[in-house]
Amino acid sequence: HLINSVVQQRLANRRRVITCTPEAREVFAKFHDETVHLGRQLADIAGELSRCRENAIKVAGLFAVVEPGGIISEALALNAVALVRWCTFSHLGLLQVGRRDRQRKSLEKVLDLLGNEGRASVGNLARSHGIKREALDTLVALFPETLTFEKVLNRNGGRPAEFVCA
């Protein structure tokens with residue numbers, strides 16, 4: 001009966017306004033912060049994680065359609081976030097093998113670029129080879145026994161140079 005009534009409303013082209021309580025907005029904001037933080041740790045899938053808040057809002061909207069009043073409450077927002085969090089982490093589990101292979105290949109590429117000297121500047125890796133700082137942060141965090149960062153003071157003053165070292 002519930003699905004039928006939603007479909008009938010849609011077919012009749014009746015639009016419902018769904019509102020969101022301030023508490024629910026806060027739930028979505030905290031979830032966004034959580035996924036941004038996680039995205040910094042998992043730079044290779046940050047784009048994937050950036051859509052989590054949006055997906056949680058959409059799921060909460062679907063929940064609100066079947067609730068009387070059409071309001072996204074804090075409880076609905078928490079349920080939607082829990083569902084999207086579960087889906088996201090399940091998805092990440094499936095991607096883990098492929099991610100690990102890509103990370104190993106990225107490590108090998110960086111090590112090749114470091115060459116015999118065993119180091120290269122972070123700026124040069126970004127400018128000349130398209131390897132972003134976030135990707136280097138991820139590699140250093142994943143392979144601390146292989147890669148490290150080193151700051152070198154400039155003899156003429158100014159900002160110290162930062163290197164990735166093997």
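Before any of the text, the structure's been laid out above.
Bear in mind the structure is a predicted one, so any value in this text is a computation, not a measurement.

S.K.: Run through the overall build of the protein, naming residues and quoting values.
M.R.: Regarding its fold elements, the protein presents 7 helices and 5 strands. Along the protein, helices and strands appear, N-terminal first, in the series α-β-α-α-α-β-α-β-α-α-β-β. Scaling as 2.2 N^0.38, a compact globule of 166 residues should have a C-alpha radius of gyration of about 15 Å, whereas the protein reaches 23 Å, well beyond that. Oriented by its inertia axes, the alpha-carbon framework of the protein measures out at about 70 × 35 × 25 Å.

S.K.: Before we move on, can you summarise the pairing of strand E5 (residues 161-165) with the specific residues and values?
M.R.: Of the strand pairs in this sheet, strand E3 (residues 119-121) and E5 are connected by 3 bridges, and their pairing is antiparallel. When the bridges of E5 are listed, Ser121 appears paired with Phe163. With 5 bridges connecting them, strand E4 (residues 148-152) and E5 associate as antiparallel partners. Residue pairing for E5: Phe149 is matched across the bridge by Val164.

S.K.: So what's going on with the environment of Ile57? Residues and values would help.
M.R.: Along the chain, Ile57 turns up in helix H4 (residues 52-66). Put simply, Ile57 and Arg155 are 98 residues apart on the chain and 53 Å apart in space, counted from C-alpha to C-alpha. Apart from the residues lying within four places of it in its own chain, the contact partners of Ile57 are Phe28 and Ile72.

S.K.: Give me the sheet that holds E5: which residues, what numbers.
M.R.: Taking strand neighbours across the sheet as the criterion, the 3 strands line up as E3-E5-E4 in an open arrangement whose pairing is antiparallel. Only two strands of the sheet have a single neighbouring strand rather than two, namely E3 and E4. Averaged over all pairs of adjacent strands, the angle between strand axes in this sheet comes to 30°, irrespective of strand direction. Its contacts with the sheet put helix H6 (residues 122-129) on E3, E4 and E5, and the angle it makes with E3 is roughly 75°.

S.K.: Could you give an account of the packing of aromatic side chains, with specific residues and numbers?
M.R.: If you walk through the whole model with that rule in mind, you get 0 aromatic pairs. Positioned over the ring face of Phe163 is Arg119, at 4.0 Å from the centre of the ring. Its end group placed over the ring of Phe149, Arg133 keeps NZ or CZ at 4.2 Å from the ring centre.

Definitions and limits used
Residues numbered from 1 in each chain as written. Predicted model: local features only at pLDDT ≥ 70, side-chain atom pairs only at ≥ 80, totals over all residues. Heavy atoms only, no water. Helix = DSSP H or I, 4+ residues; strand = E, 2+ residues; numbered from the N terminus. Rg over C-alpha atoms; globule rule 2.2 N^0.38 Å. Pairing = 2+ DSSP bridges. Contact = heavy atoms within 4.5 Å. Axes fitted to C-alpha atoms, helices over the stretch in contact; angles between N-to-C directions. Phe/Tyr/Trp six-rings, centres within 6.5 Å; stacked < 30°, edge-to-face > 60°. Lys NZ or Arg CZ within 6 Å of the ring centre and 35° of its normal.

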